[in-house]
Each structure stands twice: as structure tokens, then as C-alpha cells.
Amino acid sequence: MRYFIMIALFSALLFGLSARTSGATTRPQARPEASVTLPQTTKRPKMRNEQLALFGLGKKRKQERARAKAEREGMVCGVSGLQGEVVGQVPGKISGCGVNDAVKLRSVSGVALSQHAIMDCVTAKALKTWVDTGVKPAFGKMGGGVRKLRVAAHYACRTRNNKTGAKISEHGKGRAIDISGFYLENGKEISVLNDWGKGRGGKALRAARKAACGPFGTVLGPGSDRYHDDHFHFDTARYRGGPYCK
Ligand SMILES: [Zn+2]
């Protein structure tokens with residue numbers, strides 16, 4: 001008889017417990033009184049919320065980690081494909097020169113720069129647009145494709161064409177870059193000085209120059225004036241009436 005009572009009590013206890021737990025799963029999660037009266041039942045939904053929060057947090061952390069990794073590997077201006085380092089403020093030696101939030105680029109969409117070039121992010125992004133939509137299609141598979149751009153000039157605190165008394169050049173504001181040649185994978189170089197107007201290289205140079213008009217506000221090169229026979233000048237200064245491409 002004693003045993004029977006014990007068994008009955010035990011099963012009653014079990015039944016009660018299972019009723020509680022099953023009630024917990026159907027009970028809405030956000031019932032404040034549940035946390036007071038039934039701490040055991042609130043524990044589960046709460047854990048689920050925490051897990052969800054952790055999952056969300058994990059996703060966010062993953063994105064943050066990927067971004068940090070890209071930045072460690074040299075991504076600048078928040079654009080993958082623009083590799084270099086953040087320079088920040090570049091003070092000008094003379095009034096009108098200097099760059100805010102400058103970067104020092106070393107490669108653009110996998111195409112290296114012969115010298116690391118200082119510019120602002122607007123100009124860096126324009127350069128990337130040009131490499132992607134101008135340079136790569138223009139040269140195609142010629143010599144295995146373009147490997148490196150020969151940078152003739154980037155940031156330089158100086159007047160236009162180095163003339164005394166002239167306006168500060170866009171180079172002095174981190175908005176300009178001069179490109180004088182294109183190194184191909186096979187080691188050959190197509191240069192503005194030697195190949196302009198000649199053969200396949202010349203054709204590619206012309207196409208690349210044409211494609212720069214738009215991404216850049218100013219495009220100069222052979223034939224523009226006596227200062228640009230050996231390089232292309234690109235800058236992101238905008239003139240009224242659209243880009244200036246001479
Ligand atoms: Zn220039």
C-alpha cells in the first residue's frame with residue numbers, strides 16, 4: 001500500500017512537471033508574470049531569444065570581421081579593389097594645396113600602380129571606374145592584359161603646369177593623376193610617348209583615353225597642349241557644361 005501511494009505521488013509529480021513544461025512551449029514568450037511565477041518556464045524562451053540575438057550578433061560580427069580583414073589587406077575608400085593605405089589629412093605647403101581624407105593607392109582592381117599615389121577617394125573611385133570600364137576593355141588580352149599603370153604624377157603641391165603665378169593644379173588638391181604607360185603581363189610597356197597613334201598599342205591608348213572622359217572631369221593627353229605629349233592627365237574637377245576632354 002505504501003509503495004502504491006509513493007508511486008501515485010511520484011507519477012502525479014511527473015505529470016505536474018510535464019504539464020508545466022508543455023505549457024511553457026505554448027505560452028507566449030513575453031508574459032511578464034511568467035517570469036515571476038514560473039522561472040523554469042521563462043528560462044527556455046529567454047534562451048531562445050538569446051540564441052537568436054547571438055545569431056544576429058554573430059552575423060554582424062562576421063561582417064565586421066570581413067571588413068576588418070579587407071582593411072588589413074589594404075582596402076581603402078570602402079571599395080574592394082582599391083588597395084592602399086589611409087593617409088588622412090595632407091597639409092599643403094602653400095595656400096590652396098592639401099587633401100582631406102587622402103589615401104595612398106597601390107593597386108586598382110588588381111592592376112598595380114608603378115608608384116603609390118596619393119589622392120582623395122572621389123579620384124580613387126574614378127580611377128577604378130576607368131580601369132574597369134576603360135583600361136581593361138581597351139587592352140583586352142594584349143600581352144596577357146594590363147599588369148601595372150605607370151604613374152607619372154599624383155599629389156604634388158604646385159601650380160598648373162608648374163607656371164609661377166598660375167592657379168593651384170588639381171594635383172595639389174589630390175584630385176589628379178598622370179598616367180604615362182601601361183605595363184603588360186608579358187613585360188612589354190605601351191607608353192603614351194612611344195605608342196600614341198601607332199599600331200595596336202596606339203589604338204588601345206586612344207580607347208583608354210576616350211573612356212576616361214566621364215569618370216574624370218578633365219582628360220588631357222597628346223594634342224591637348226605642349227605639356228601632355230608623354231602622358232594622360234586625369235582629374236576629378238568638374239567644369240560647368242560637363243567634362244573637359246581635349
Ligand atoms: Zn596632370
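On a predicted model such as this, the values are computed, not experimentally measured, just so you know.

Quick notes on the rules
- Residues numbered from 1 in each chain as written.
- Predicted model: local features only at pLDDT ≥ 70, side-chain atom pairs only at ≥ 80, totals over all residues.
- Helix = DSSP H or I, 4+ residues; strand = E, 2+ residues; numbered from the N terminus.
- Buried ≥ 20, exposed ≤ 12 C-beta atoms within 10 Å, placed from the backbone.
- Contact = placed C-beta atoms within 7 Å.
- Axes fitted to C-alpha atoms, helices over the stretch in contact; angles between N-to-C directions.
- Parallel < 35°, antiparallel > 145°, perpendicular 65-115°, else oblique.
- Left-handed = near helix turned anticlockwise from the far one by under 90°.
- Nonpolar A, V, L, I, M, F, W, Y, C, P; charged D, E, K, R; others polar.
- Pairing = 2+ DSSP bridges.
- Expected span 1.5 Å × (residues − 1).
- Core = buried A, V, L, I, M, F, W, Y, C linked by C-beta atoms within 7 Å.
- Arc of directions from axis to C-beta.
- Right-handed = clockwise from strand over helix to strand, strands pointing away.
- pLDDT = per-residue confidence, 0-100.

(A) Region of interest: the overall build of the protein. Looking only at helices and strands, the protein has 6 helices and 10 strands in total. Buried residues in the protein amount to 28% of all 246 residues. Partitioning the intrachain contacts of the protein with sequence separation of at least 6 by distance along the chain shows that 52% fall at a separation of at least 24.

(B) The arrangement of the packing of helix α4 (residues 121-139) against helix α6 (residues 199-212) in detail. At a minimum axis distance of 8 Å, the contact between α4 and α6 shows a crossing angle of 160 degrees. When the interaxial angle is binned, α4 and α6 end up roughly antiparallel. Considering how the two elements wind past one another, α4 and α6 form a crossing that is right-handed. Here α4 contributes Trp130, Thr133, Gly134, Val135, Ala138 and Phe139 to the contact with α6, which in turn contributes Ala204, Ala207, Ala208, Ala211 and Ala212. In terms of residue class, the contact of α4 with α6 is made up of 9 nonpolar, 2 polar and no charged.

(C) Seen up close, the pairing of strand β9 (residues 232-235). With burial as the criterion, each face of β9 is covered, one bearing Phe232 and Phe234 and the other bearing His233 and Asp235. Where strand β6 (residues 176-184) meets β9, 4 bridges bridge the pair, whose relative direction is antiparallel. Note that in β9 the partner of isoleucine 179 across the bridge is phenylalanine 232. Alignment of strand β8 (residues 218-220) against β9, held across 3 bridges, turns out to be antiparallel. Pairing of valine 219 across the sheet is with phenylalanine 234, part of β9.

(D) A look at α4. With 19 residues, α4 extends 25 Å from end C-alpha to end C-alpha; this agrees with the ideal 27 Å at 1.5 Å per step. Among all positions of α4, only Thr123, Ala124, Ala126, Leu127, Lys128, Trp130, Val131, Gly134, Val135, Ala138 and Phe139 are buried. A positive phi of about 50 degrees marks glycine 140, the residue just after α4.

(E) Expanded view of the nonpolar core. Among the nonpolar cores identified, the biggest contains 41 residues, and Leu105, Met119, Ala124, Trp130, Val135 and Ala212 are the most heavily contacted of them. Leaving out residues up to four positions away in the same chain, tryptophan 130 has contacts with Val135, Ala211, Ala212, Pro215 and Phe216.

(F) Broad picture of unusual backbone geometry. Positive phi is not limited to glycine here, since serine 109 has a value of about 50 degrees. Relative to the elements of secondary structure, serine 109 occurs in the loop between β3 (98-108) and β4 (111-119). Look at asparagine 162: it is not a glycine, yet its phi comes out positive at around 60 degrees. A tally of 11 C-beta atoms within 10 Å means that asparagine 162 is categorised as exposed.

(G) Structural context of α6. In this model α6 runs 20 Å from its N-terminal to its C-terminal C-alpha over 14 residues, within 8% of the 20 Å that 1.5 Å per residue would give. For α6, the set of buried residues is Gly201, Ala204, Leu205, Ala208, Arg209, Ala211 and Ala212. Projected down its long axis, α6 carries its buried residues within an arc of 160 degrees, all on one side. Residues of α6 that are buried make contact with α4, β7 (189-191), α5 (192-195), β8 and β9. Glycine 214 lies just past α6 and shows a positive phi near 130 degrees.

(H) Focus on the pairing of strand β5 (residues 146-153). Bridging between β4 and β5 involves 2 bridges; their strand directions are parallel. Bridge pairing in β5 links alanine 112 to lysine 148. At this point the chain moves from β4, through α4, to the parallel β5, and the crossover so formed is left-handed.

(I) Spotlight on the environment of leucine 184. Here leucine 184 lies in strand β6. Distance from leucine 184 to valine 146, taken between C-alpha atoms, is 4.4 Å for residues 38 residues apart in sequence.

(J) Summary view of the confidence of the model for the protein. Model confidence for the protein is summarised by a mean pLDDT of 83, while 75% of its residues fall at 70 or above. Confidence over residues 4-43 falls short of pLDDT 50; this stretch has 12 contacts with residues more than four positions distant or in other chains.

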